[in-house]
Amino acid sequence: MKLSGWMKALGLLVFVFMLGPVAIIVWISFFDQAYLSFPAEGYSLRWYAGLVDQTELFRGLLYSAEIAVITTIISLFLGVSAAIALSRSRLRGRTLFENVFLLPLVIPAIITGMALYIYLYQLSGIVQGGLVPSTWSLIAAHVIITLPWTFRLTYAGAVSIGTDVERASLDLGRGSLATLMRVTLPLLRPSLIGSGIFAFIFSFGDLEISLFLVSPGQTTLPVAMVQYAEFNVDPTLAAVATVQIVLIGLLLLIANKFIRFGEAFSGGLKQ
Amino acid sequence: MAELLIEHVAKSYGEKLVLEDAYIKVPHGEFVSLLGPSGCGKTTTLNIVAGFVAPDSGSIRLGGDDITRRPPYGRDTAIVFQNYALFPHMRVTDNVAYGLRARRVAKDAIAKRVEETLRIMGIHDLADRFPSQLSGGQQQRVAVARAVAVRPSALLMDEPLSNLDAKLRAEIRIELRELQHRLDQTILFVTHDQEEALSMSDRIVLMNRGRIEQIGSPDELFQRPKTVFAAGFMGVENIVDGAFDGRTWASENGTQTMPGTAASAGAVGIRPSELELVERDPNFVSDEYASVQATVTGRTYLGDNVRYELAARGDSLVAVVPYSKADKDIGDEVDARVLAKCLIPLEPSVAQ
Ligand SMILES: Nc1ncnc2c1ncn2[C@@H]1O[C@H](COP(=O)(O)OP(=O)(O)O)[C@@H](O)[C@H]1O
Ligand SMILES: [Mg+2]
């Protein structure tokens, strides 16, 4: 076999390795039996139908969605502001700032979660208020872990559109704000949509940080799933996961489309 | 009437002096070129006029108003960028209408002006395209259309033809010149291409390392470059120093009186096409001609012409001779002669 043949075989292996667990989860969700065993004793949709009665999981889903939407909005606002400002500044130590935004990627999420918990707990003592657990502490934490995505993707976009189009706009008589609204942000649209979707997905799927920060009667979906798994072994979670996979898969498809769009735009600029 | 005046403008970046006491006047309706090698400060000058760079000292006047402290959007200038900088998310019409909308011109007036401008630029059928759907030449025309649509008091162009192929460049040069006359447009144009500057400008400002070497009409700059740098930039390949005392140049056959004003220090420029190569004649004396003895060291065929390299009294000279007269060969001992009135007295360059 030639080298390219080996590469293909290796690629296929990675593909199988990555998709395998996903395929098995989807498969299990259609098993009829109430315990996990292979092979299937029969197939049914009963676990999907049963989701309607899973109030804990359902409430978790709604709560997660709420948190993810608010997180995405705040993270986009902060990440995009920072990306535009930094990509247009001649500030000394700019790379330092850039890297600070990427720090949450380097630190394991569980450490970030614990650190935030301790920090906010101590702060609660000082300000005489219960900062943790609370929805706002959860959102703050999610904003921190999603910032690397909203910042980095938008930063790349902001660098690639360059500053000449903005200068052209100023030169033709538009002020800074009008230029931002009419030129910079429209050109960043693909990055905004792409990074927004990423932020949503990471917030929605986060378990480690949320574990520390959710309030007892109000948990996110991943935390609710862990709690469910403590007492049940039926394929309900597989059904939940399948629903999630489909939703997130769709979001990724949309993100992918917009990020390709971005390439098309910057290609037009370079000519 | 919109006259652009750059008054004693200076700019440094840190230690580096990028522009030193520039005084440039662009009278209404004139086409003035900033010409000079890369890095001499042309773009910086343009950016100071447009308001993107603040000068350290000096002022910019447009139509009599001091606009030095106004932001870019508060100046009645428009730039054609080197890379065009079209808005990629807008169709050609919206690109061209952009400045008019910013100026809150009435809707139907905008439509009319855009239409008219697209017609003048010959891109009317491209109105609904996006920039990425246009060729380089078409993008260039849209960039010009976008800038002239607002009828700026001063149109600023930064090497707008440098990304086009030679044929298109020649075509657009003529178009731009016509456009300028038609709109009576004041233009400050930047280029490093002397041919471009010579063929388009009413006046050329020759720059060298942040200083102005010479200002003049294309003819003045080409025929009478004043400094060693100007001469070199204008294709005067032979610059001979030493034997020049201000009004006369000592060559082997005596001293030749120079035309024009007396120069301070000794250098003489000779265009390669003005040098004639003749049989060695030790007894040659003439008031009309300057002559030096030379040896042919190189010969390059150029088609219509032949280019000779010569060694003469420690200088190396270049002569370009029509093919029909190019009967000399490498190793020949010759006299290199030039009409005294074709000698160009040169001062040392302003910037060192
Ligand atoms: N923002 C800047 N910071 C530091 N140096 C600069 C800056 N802009 C231009 N320069 C320097 O100023 C000089 C003139 O630049 P420029 O005006 O772009 O020259 P030109 O357009 O004639 O090629 C160059 O040496 C360049 O490196
Ligand atoms: Mg330049």
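Before any of the text, the structure's been laid out above.
As a convention, each chain's residues are numbered from 1 in the sequence order in which they are written. Just so you know, chain letters begin at A and ligand numbers begin at 1, following the order they were written in. With the structure being a predicted model, the display of local features is reserved for residues of pLDDT at least 70 and the display and counting of side-chain atom pairs for 80 or more, all residues being used for whole-chain, interface and lining totals. Working from all heavy atoms in the structure, the side-chain values ignore hydrogens and water.

### Some thoughts on the interface of chain A and chain B
In many analyses, interface size is given as the accessible surface area lost on bringing the parts together.
Then step 1. Counting residues at the interface gives 20 residues for chain A, matched by 26 residues for chain B.
Then step 2. With both chains or domains summed, chain A and chain B bury close to 2,100 Å², and 59% of this area falls on carbon and sulfur atoms.
Then step 3. Note on terms: buried area is the combined drop in 1.4 Å-probe accessible area of two parts once they are placed together, counting the loss on both. The largest per-residue losses of area from chain A upon contact with chain B belong to R167, D171 and L172 of chain A, which jointly make up 34% of the total buried on that side.
Then step 4. Contacts described as polar in this section are N or O atom pairs within 3.5 Å, which, within protein, must combine one atom able to donate a hydrogen with one able to accept it, while residues neighboring in sequence count only if both atoms come from side chains. At the surface where chain A touches chain B, the tally comes to seven residue pairs in polar contact (both at pLDDT 80 or more).
Then step 5. Labels follow the DSSP assignment, with helices taken as runs of H or I lasting at least four residues and strands as runs of E lasting at least two, numbered in each case from the N terminus. Of all the elements in the fold, those that place two or more residues in the side of chain A that touches chain B are α7 (164–171), α8 (176–205) and α11 (236–270) of chain A.
Then step 6. Ranked by residues supplied to the side of chain A that touches chain B, first place goes to α7 of chain A with seven residues.
Then step 7. In the side of chain A that touches chain B, the residues fall into nine nonpolar, six polar and five charged. Between two residues, a contact is recorded if the distance between any of their heavy atoms is within 4.5 Å. Asp, Glu, Lys and Arg are counted as charged, while Ala, Val, Leu, Ile, Met, Phe, Trp, Tyr, Cys and Pro are counted as nonpolar; the rest, among them Gly, fall into the polar class.

### Some remarks on the side chain of E7 of chain B
All names here are of chain B.
Then step 1. Here E7 shows up in strand β1 (residues 4–13).
Then step 2. Looking at E7, its side chain comes within polar contact range of the side chain of R61, at 3.2 Å.
Then step 3. Once residues lying within four places of it in the same chain are set aside, the contact partners of E7 are A22, Y23, G58, S59 and R61.

### Regarding the site of ligand 1
Residue and element names in this part refer to chain B.
Then step 1. Nearness is defined per residue: one heavy atom within 4 Å of the molecule or strand is enough. The environment of ligand 1 is formed by Y13, K16, V18, P37, S38, G39, C40, G41, K42, T43 and T44.
Then step 2. At 2.6 Å, a side-chain N or O of T43 approaches an oxygen atom of ligand 1.
Then step 3. Bound to the protein, ligand 1 loses 65% of the 570 Å² it would expose on its own.
Then step 4. With three residues, helix α1 (residues 42–50) is the largest single contributor of residues to the shell around ligand 1. Computed with the Shrake-Rupley method and a 1.4 Å probe, the accessible areas treat only the protein chains shown as cover for residues.

### Regarding the sheet that holds strand β11 (residues 238–241) of chain B
Residue and element names in this part refer to chain B.
Then step 1. Strand order in the open sheet formed by three strands is β11-β14-β20, and the pairing between neighbours is antiparallel. Of all the strands in the sheet, the pair left with one neighbour each is β11 and β20 (344–345).
Then step 2. Strands were regarded as paired on the criterion that DSSP finds at least two bridges between them. Of the strand pairs in this sheet, strand β14 (residues 267–270) and β20 are connected by two bridges, and their pairing is antiparallel. Across the sheet, the residue bridging to V268 is P345, located in β20.

### Some details on the sheet that holds strand β7 (residues 154–158) of chain B
All names here are of chain B.
Then step 1. The six strands are arranged β6-β7-β8-β3-β9-β10 in an open sheet whose pairing can be described as mixed. Each edge of the open sheet carries a strand with a single partner, namely β6 (77–80) and β10 (211–216). In this sheet, neighbouring strand axes are inclined to one another by 20° on average, regardless of whether the strands run parallel or antiparallel.
Then step 2. Across the sheet, helix α4 (residues 136–148) lies against β6 and β7, angled at about 175° from β6, the strand it touches most. Where helices are involved, their axes are fitted lines through C-alpha atoms of the stretch in contact, as for all axes, and angles between N-to-C directions lie from 0 to 180°.

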